[in-house]
Amino acid sequence: MAPMGIRLSPLGVAVFCLLGLGVLYHLYSGFMAGRFSLFGLGGELGAGAAGPVAAADGSSVDLREMLAVSVLAAMRGGDEVRRVRESNVLHEKSKGKTREGADDKMTSGDVLSNRKMFYLLKTAFPNVQINTEEHVDATDQEVISWDRKIPEEILKEITTPKEVPAESVTVWIDPLDATQEYTEDLRQYVTTMVCVAVNGKPVLGVIHKPFSKYTAWAMVDGGSNVKARTSYNEKTPRIIVSRSHSGMVKQVALQTFGNQTTIIPAGGAGYKVLALLDVPDSSQEKADLYIHVTYIKKWDICAGNAILKALGGHMTTLNGEEISYTGSDGIEGGLLASIRMNHQALVRKLPDLEKTGHK
């Protein structure tokens, strides 16, 4: 018998126990939900926090944002290139000799453009690998902010973010392509370039011409602001080559394609890639193929490779191998670039050039 003569019915005891369990469950679930929200595993707070956490720890980057910053960096660098050239005070010096024995020149335009481009990209994306042609002096470090605005022309072409792991990204900067021509005041050949490679494959390319202020950009499987021309001459092509060894290419090209083949000597790898495209710039020459037969650095060609790839074109070594944009900063096997042509058939036509490229 219960105290004071109160009798407890079995039903009452059961109800009392169920109520107690309900209170305990409510308290426990509220506690766990609070803990989960801290890790972004549930609830509105967690969902909202997930984006900033990913950005803060640098675990991923948005390629659309990287394209926007790359375009801005190329233009900012171009401003420095143009300003120094127009001042006519280049502070020209030699970094040494190229493999062909020519002076590897550097100017204030190279240095100042490099500083602007490198630190803009490094500030916006501190956790990605950035390779650049010029030395980055820590004493000249700048914090150059990005307002996080993506231009409308990019948003129109690339409508959704494209995130990739930051550790898979390598950025290649050429702060002043065609330095030799820059010192000779051959301004039409000069470009600034940025390329983003993911797992060694070029996916973003920006080529900016500082003196005409024309900028070409493209994302593989994304979009572009430049396009291929409507037609190309595959039988007797116009071939654009380096000014420093045009004769070497001309001999083999004439043997391969015949005497009607035109050789166009030009400066700058960026300029040569644009020659294959539909570029609204009166100073830009037109070509059907781009051939290079000696050692070349990856920051010279990565942006052009990405743009061609985005438009359905190709850039390979002379023996048809894809170029990886990781590891060493140069390639030995020369290169062949084409668009809207049978690229592998062209590779087979040029067996002797690959050998020449290793001399």
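These numbers come from a predicted model, not from an experiment.

Asker: Please clarify how the UniProt feature "binding site: Mg(2+)" (unreviewed entry) in the chain should be interpreted in this entry.
Answerer: Under the feature "binding site: Mg(2+)" (unreviewed entry), the UniProt entry names E133, D174, L176, D177 and D300. With the annotated positions falling across 168 residues, the maximum pairwise C-alpha distance of 9.5 Å places them together in a single cluster. On the secondary structure map, D300 appears in helix 9 (residues 298-310). With near-sequence residues (within four places) excluded, D300 lies in contact with D174, D177, M193, A269 and G270.

Asker: Hey, could you run me through the packing of helix 3 (residues 63-87) against helix 4 (residues 108-124) in this one?
Answerer: Angle between the axes and distance between the axes: these two values describe a pair of packed helices. Viewed as axis vectors pointing N to C, helix 3 and helix 4 meet at an angle of 160 degrees, and their least axial separation amounts to 8 Å. It follows from the interaxial angle that helix 3 and helix 4 lie roughly antiparallel. Every pair of crossing elements has a handedness; the one defined by helix 3 and helix 4 is right-handed. For the pair helix 3 and helix 4, contact is made by V69, S70, L72, A73, A74, R76, G77, G78, E80, V81, R83 and V84 and by S108, G109, L112, S113, K116, M117, L120, L121 and A124, respectively. Across the contact of helix 3 with helix 4, the residue classes break down as eleven nonpolar, six polar and four charged.

Asker: What am I meant to see in the sheet that holds strand 4 (residues 129-132) here?
Answerer: Working definition: the strands of a sheet are paired by backbone hydrogen bonds and lie parallel or antiparallel to each other. Pairing is mixed in the open sheet, where six strands are placed in the order 4-6-7-8-9-10. Looking at which strands have only one partner, the edges of the open sheet turn out to be strand 4 and strand 10 (223-224). Where strand 4 and strand 6 (residues 169-177) come together, four bridges link them in parallel fashion. Across the sheet, residue I130 finds its bridge partner in strand 6, namely V171. Against the sheet, helix 4 engages strand 4, strand 6 and strand 7 (191-198), with an angle of about 155 degrees to strand 6.

Asker: It is not clear to me how the confidence of the model for the chain should be interpreted in this structure. Could you clarify?
Answerer: Across the chain, pLDDT averages 84, with 78% of residues at or above 70. Confidence drops under pLDDT 50 across residues 1-6; counting only partners more than four residues distant or on other chains, this segment forms zero contacts. Low pLDDT, under 50, characterises residues 355-359; the predicted model gives this stretch eight contacts beyond four residues in sequence or across chains.

Definitions and cut-offs
- Residues numbered from 1 in each chain as written.
- Predicted model: local features only at pLDDT ≥ 70, side-chain atom pairs only at ≥ 80, totals over all residues.
- Heavy atoms only, no water.
- UniProt positions renumbered as here; feature names shortened; annotations may be inferred.
- Helix = DSSP H or I, 4+ residues; strand = E, 2+ residues; numbered from the N terminus.
- Contact = heavy atoms within 4.5 Å.
- Axes fitted to C-alpha atoms, helices over the stretch in contact; angles between N-to-C directions.
- Parallel < 35°, antiparallel > 145°, perpendicular 65-115°, else oblique.
- Left-handed = near helix turned anticlockwise from the far one by under 90°.
- Nonpolar A, V, L, I, M, F, W, Y, C, P; charged D, E, K, R; others polar.
- Pairing = 2+ DSSP bridges.
- pLDDT = per-residue confidence, 0-100.

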